[in-house]
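# Structure at a glance
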Amino acid sequence: MAAWSSQIGAEIFARRLLDQPVVLFRNEDGEVLAFEDKCPHRFAPLRFGKRTSDGIECGYHGLRFDRRGVCVGNPGGQTPPNTRVRTYPVVQRHQMIWIWMGDPRRADSAAIPDFSVIPEVPTGACNLGNYLHVRANYLLEIDNLMDLSHVNFLHNGTLGNDSMRGHRVRATARPGLVRADLFMPNTIAQFGPFAGRRCDQWNNMIWMAPTSMLLEVGATAPGGPVSQRIEDLAVHIVTPETSRTTHYFYGSGGEYSDSEAWIADQIREAQTRAFVQEDNPMIEAIDEQMQGADFWSLRPTLLGNDVGSVRVRRQLEALIAQEQSVSQTRRRDSDIHLSGAEPPAR
Amino acid sequence: MAAWSSQIGAEIFARRLLDQPVVLFRNEDGEVLAFEDKCPHRFAPLRFGKRTSDGIECGYHGLRFDRRGVCVGNPGGQTPPNTRVRTYPVVQRHQMIWIWMGDPRRADSAAIPDFSVIPEVPTGACNLGNYLHVRANYLLEIDNLMDLSHVNFLHNGTLGNDSMRGHRVRATARPGLVRADLFMPNTIAQFGPFAGRRCDQWNNMIWMAPTSMLLEVGATAPGGPVSQRIEDLAVHIVTPETSRTTHYFYGSGGEYSDSEAWIADQIREAQTRAFVQEDNPMIEAIDEQMQGADFWSLRPTLLGNDVGSVRVRRQLEALIAQEQSVSQTRRRDSDIHLSGAEPPAR
Amino acid sequence: MAAWSSQIGAEIFARRLLDQPVVLFRNEDGEVLAFEDKCPHRFAPLRFGKRTSDGIECGYHGLRFDRRGVCVGNPGGQTPPNTRVRTYPVVQRHQMIWIWMGDPRRADSAAIPDFSVIPEVPTGACNLGNYLHVRANYLLEIDNLMDLSHVNFLHNGTLGNDSMRGHRVRATARPGLVRADLFMPNTIAQFGPFAGRRCDQWNNMIWMAPTSMLLEVGATAPGGPVSQRIEDLAVHIVTPETSRTTHYFYGSGGEYSDSEAWIADQIREAQTRAFVQEDNPMIEAIDEQMQGADFWSLRPTLLGNDVGSVRVRRQLEALIAQEQSVSQTRRRDSDIHLSGAEPPAR
């Protein structure tokens, strides 16, 4: 996820993603375009330029690039041949902008995680569009979210409490998806309709590869029927900015009429307060302690409740290894076919 | 020295010492405990946790550790076996907290420098408890203190003056102790009972291994008898935070009745002003100039008055070499006896 | 260029030049002296010291150095033999202080760029003495100045405009000098006497090795005679502070009577606004994007208008290679003649 769709308009929006500088904006037809934020001429950030009808113009010496990134104009002389700025495939879906930072030929919109619980176009007040910048590796954020037993310690008195302690995370997994269920029967709710009263509660986190999560949160009368309301599905998506900083997008499902818009605001405020005041200091301090070291090399003590986060880490490690093996193969291929149809290297 | 004893109470106190994150606090019996500030599970800082009756609980997922650092509780499942957080031997003495950061089996409270001029329990106003954070290697602070001829240049008009220039530092040494005496006969005192008048003055610094110093400062009528009052003994202790930052603890001896408490305050203010406004900018700028290089590799010009500081540097180099040789031997031993009684490695 | 001559007086002025810390000040005769800002004893910055009648005294322990940098006094004992602080040859010319940071035996005041358009002593109001600190490699500043076609994009609406686009930079060069002429016939002036009207305009930049530039700017009626007024010569001089930061000195020629002093102020303000608000953010962002990499290793797309900046880069590369080859030869020589008349190495 690169951004909330509401953030991207005619103005150029710049953000570092996977350690690459990127600009995003809509062309005159409202389509979202994404370019590397670096002119191939003098490496000027294109964010200092301006959009053209269907491309971008550098703000330093006026080079113009079309939507494919091809240089199509140089006001100070001949248009340089075979000159391009990198572009990225982009899809708008679920009120989010999804970007593919890898080999464009392998972009596959079917791989976008399923957030179909969110309508394509908002029709009422909702709790979406929230963002935090986190000074930590993205995996520490996933670790945090895949073991919600931490809620009853780190968020003691805000989102959780003593009565909710001692329950176990149960995980199930298949390729590309890990569920980490935390069911807490006969415990006191900290907020919501059962606030202050005994109920059966759950915090079930569903990870979808590579870095999206959907949280089912809810409560029912002790022993009562368990069902999930769309308003109680929380969205957590993390995108690496660099190896030690992360874009964190969050919100929750459901739409509210004007008279109930305060509910969306209340959930937003509770999430934001907990993330800013409680999770972020912890996660950033852990990143600081790790000083960029590999997690396993530090020989962490593993607990039963790490089952969800460890499964996610193992799946991501396999996906990364697989991608690197593919791109090495591809690179060998292009070494052999240097005179082939590859786009000209910069 | 880790802290002043007055700083450590029931609240968790966190400080980096010798580049290791440490938490200190008193248990319910008032004993000071020290733990590495890092949970072995997910590397959460324990400073975000809370003390238990005789140990500490991590604030992230609730792991509990006893006073020996052994994990004795996991609310979310089985207590992990052989899991511990590092602890450090600690002694409270001379109103200070002394910590041993090395091999716990080699901790020796007899090695604590002798500050018996300071009472164990304060009974009146005194000038102790002062602290500065310095952005420089600790040896630059020791260099500064072991050659007090600088007082008459760097502190010209505050602690020293022109009349006090030109005298020589005389040093004597034995293992673990270096005296650097600076006697300035028939010079004008800058402060104290002889302020503005001719007297015989001295600034004698006594270094005690590894990083403690006691300063005898005083004045007498020209040619008069020399004796040292306890109020005129200044304490200077430096502890490395990192290789380029230092904890600097300072103060002076003597206790004062309520009506004379202003004297303690006056000394504190004079020290602090001189250290903050005059020494610190110089020492930090030197550290900046050296950019972490080894002192000797920069081939400093040595002067006669460096005699004290060079002797300290040489003793410290020998102590460090000796310690490293011991720890290498120990490491070889433990390689051989892997199945032995070593505490489980993390 | 180390500084504007107006900046250097009896007070010690400290500045890093070519990554070396330097102090500059005038002796009692008004001559400018330059020393390395580092005492050979304990590496104290000499900027914390004070000037003597014809030299400098360290503020830490009082070592005194004469104008040649030789240690001539140690108040705390014997003057150390063969001890010196590095000095730099300095010349005041064109209201500027020029410093030679290389081998003193190769200093040659004939190599100072010719800014004889500037009087040696100001007699009226003028637009000189301006300075900016830039967080970028100095070559990026030269690149910027040697291709002024950027004026009509980056400074669109302030110094340039749409009508001025599309003209080509023509370059001529000889050793040590590159001209990059940009003639823009029948275009609308953005400022000056033709502001808002059609005229023939030019922005011709003359680079003088190694890092000085003189800009001829002007306008005439369409097809009218071209001549250059001294008031319309702008001065741009860049000196590396470090590899990624630069001292930028700028101004323009001409002197003004009291009643016209506002003109000098107006030019100063226009320059400063454009440099601070438009050039600096671009140049610093490019430096950030390049992350210290060699320019050519990033394989920039070259355009016709890069002709001036590329010629300067090629001349500088040759000059640097030549200097390094000379200094290697010299170093070999001094290896052989270790017992020779070399000043004692520190």
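The preceding data block contains the structure.
This report concerns the structure included in the present document. This one's a predicted model, so the numbers in the text were calculated from it and none came from an experiment. (Residues numbered from 1 in each chain as written. Chains lettered and ligands numbered in written order. Predicted model: local features only at pLDDT ≥ 70, side-chain atom pairs only at ≥ 80, totals over all residues. Heavy atoms only, no water.)

Now for the interface of chain A and chain B. Contacts between chain A and chain B engage 29 residues on the former and 26 residues on the latter. Taken together, the two surfaces of chain A and chain B that pack against each other cover about 2,300 Å², and 57% of this comes from carbon and sulfur. Between the two partners, chain A and chain B, sit 2 salt bridges. Between Asp306(A) and Arg42(B) there is a salt bridge, and its shortest N-O distance comes to 3.1 Å. Of all the elements in the fold, those that place two or more residues in the side of chain A that touches chain B are helix H1 (138-146), helix H2 (151-154), helix H3 (261-290) and helix H4 (307-336) of chain A. When residues in the side of chain A that touches chain B are grouped by element, the largest group, 7 residues, is from H3(A). Its residues assigned to classes, the side of chain A that touches chain B comprises 13 nonpolar, 9 polar and 7 charged. (Contact = heavy atoms within 4.5 Å. Buried area = accessible area lost by both parts, 1.4 Å probe. Salt bridge = Lys/Arg side-chain N within 4 Å of Asp/Glu carboxyl O. Helix = DSSP H or I, 4+ residues; strand = E, 2+ residues; numbered from the N terminus. Nonpolar A, V, L, I, M, F, W, Y, C, P; charged D, E, K, R; others polar.)

Another aspect to go through is H1(A). Since the α-helix turns once every 3.6 residues, residues separated by three or four places project in the same direction. H1(A) sits mainly inside the fold: 9 of its 9 residues count as buried. Looking only at H1(A), the buried set comprises Tyr138(A), Leu139(A), Leu140(A), Glu141(A), Ile142(A), Asp143(A), Asn144(A), Leu145(A) and Met146(A). (Buried < 20%, exposed > 50% of the residue type's maximum accessible area, 1.4 Å probe, protein only.)

Once that is clear, we can look at the sheet that holds strand E3 (residues 20-26) of chain A. Residues and elements named next belong to chain A. Strand order in the open sheet formed by 3 strands is E2-E3-E4, with antiparallel pairing between adjacent strands. With one partner strand each, in any of the chains shown, strand E2 (13-17) and strand E4 (32-36) form the two edges of the open sheet. Ignoring strand direction, the axes of neighbouring strands in this sheet form an average angle of 30 degrees. With 5 bridges joining them, E3 and E4 adopt antiparallel strand pairing. The residue bridging Leu-24 from the neighbouring strand is Ala-34, located in E4. (Pairing = 2+ DSSP bridges. Axes fitted to C-alpha atoms, helices over the stretch in contact; angles between N-to-C directions.)

On to the relation of the copies chain A and chain B, then. Each of the two chain copies can be brought onto the other by rotation about an axis and movement along it. Turning chain A through 120 degrees and shifting it by 0.0 Å along the axis lays it on chain B, with an RMSD of 0.0 Å. What we have between these two chains is a three-fold relation. Nearest to the rotation axis, the C-alpha of Gln291(A) is located 12 Å from it, this being the minimum over chain A. (Least-squares fit on C-alpha atoms with pLDDT ≥ 70 in both.)

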